[in-house]
Amino acid sequence: TPLSAQLASLEMIRERLQDGTALYRVVGPDLRPDRFLEHDDRFDQLFTTALLEGRPHVVHINHLIGFSPRIVHVARKSGAAVVLSLHDFYMACPRIHLKKTSGELCQGPDFGRECAASCFAQSSSAITAIWLLRAIYFTRALELSQAVIAYSEYVASFFRKIRPAGKPIHVVQNAVPSEFSREQSDFPKPRQEELSIAYCGTVTQHKGPHIILDALRLAWLKSARVLLIGHAPERSYVKELRNRAALMPTLDLTFYGRYERHELRHLLWGVDCVVVPSLVPEAGPIVPREALACGITVIASRIGALPEVITEGENGYTFDPGNLGQLSAIFRRLAGDPALLARLRT
């Protein structure tokens, strides 16, 4: 289907929630990140219609992926105050995670030059101009928003270099529902023989669950159990994980699959530690906060916002994801010292 026909298919659906609140949904095709302006006219028209009908005092924009970056300006023009949330790095990085196609971490778009050179290289001489234009558009969106919220100091620090001076970015950490909390008496006693490890989230390469298996292979524990909780979209990666686990006869690897948030507290029962081995900078990690609220020790990559959640040696540990020896040493220490696990839970 020609792109023009796909974009023309964008439409708005009006609905009502049970309490009478109006709900507007814009539906249409998935759009490539290098075509971020090609659907703007149609989307801006639909968004303007929703504003005119709803007359909101405040427009809270949680994400701009797949949307027109001009909607900040459109909302301001309607008279609404605009609050923009930074859940990740999309406002600077079209690939969201500040990770190049080569696998290297990126320091930033450099006004589009780095995007053109590293991730979207094409034969067209105009490609750099496209990403320069993107950088201008999204910087302008940051400038026009009356309030900008980041969910970690790490993300706030990154975007303070982009948002004009004198316009603050407010740090509001992600909260965890009260049902995650456990009383100390609820904690199962640490086992003497087997170290039980959980990973929670999408089971994919850049999230690093293979790092757990590689570190365990290096640790040579008597017995270990790894529970991978979350959707695994890539069959080849699942096969790779199973092959790595097969090399360790003392390891019990289990895939749980998708889960609902309210199930996590029960899934983590009996787990000694949750490992968050991300290979890309996390922006406002929720999983480690949920695990800590459940009284589970957290071991996390020392990158992005993850170290903000950990008080080293008090509720968990951090490690360099490029150094398997560090994570392996943590596993050996926890497996050999049940009293330490008990103390970390207090």
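Since the structure is predicted, the reported quantities are computational estimates derived from the model, not experimental observations.

Scoring rules and cut-offs
- Residues numbered from 1 in each chain as written.
- Predicted model: local features only at pLDDT ≥ 70, side-chain atom pairs only at ≥ 80, totals over all residues.
- Heavy atoms only, no water.
- 1 Å grid on protein atoms, 1.4 Å probe; cavity = no way out; pocket = protein on both sides within 12 Å on 5 of 7 lines; lining within 4 Å.
- Points joined across faces, edges and corners; volume = space filled by probe spheres on them.
- Nonpolar A, V, L, I, M, F, W, Y, C, P; charged D, E, K, R; others polar.
- Pairing = 2+ DSSP bridges.
- Helix = DSSP H or I, 4+ residues; strand = E, 2+ residues; numbered from the N terminus.
- Axes fitted to C-alpha atoms, helices over the stretch in contact; angles between N-to-C directions.
- Contact = heavy atoms within 4.5 Å.
- Salt bridge = Lys/Arg side-chain N within 4 Å of Asp/Glu carboxyl O.

**Comments concerning the layout of surface pockets**
- Empty space within the largest pocket amounts to approximately 640 Å³.
- Surrounding the largest pocket, 28 residues form its lining, Lys-207, Glu-282, Pro-285, Ile-286 and Val-287 being those nearest its centre.
- Split by residue class, the lining of the largest pocket holds 15 nonpolar, nine polar and four charged.
- In this structure, the second largest pocket encloses a volume near 460 Å³.

**Description of the sheet that holds strand β11 (residues 297-301)**
- Reading across the sheet, the six strands line up as β9-β8-β7-β10-β11-β12 and stay open at both edges, with parallel pairing between neighbours. Either end of the sheet is taken by a strand with one partner, and the two such strands are β9 (251-257) and β12 (316-319). Within this sheet the neighbouring strands show an average axis-to-axis angle of 20°, counted without direction.
- In terms of strand pairing, strand β7 (residues 195-200) meets strand β10 (residues 273-276) through two bridges, oriented parallel. Paired with Ile-197 across the bridge in β10 is Cys-273.
- Along the sheet, helix α7 (residues 209-219) makes contact with β7, β8 (224-229), β9, β10 and β12, crossing β8 at roughly 175°.

**What about the pattern of salt bridges?**
- Across all of its chains, the model carries twelve salt bridges by this definition.
- In this structure, Glu-114 engages Lys-100 in a salt bridge whose closest nitrogen and oxygen atoms are separated by 3.2 Å. Of the two residues, Glu-114 is situated in helix α4 (residues 113-119) and Lys-100 in the loop between β4 (81-86) and α4; the sequence distance between them amounts to 14 residues.
- Where salt bridges share partners, they join Asp-41, Asp-44 and Arg-70 into one cluster.

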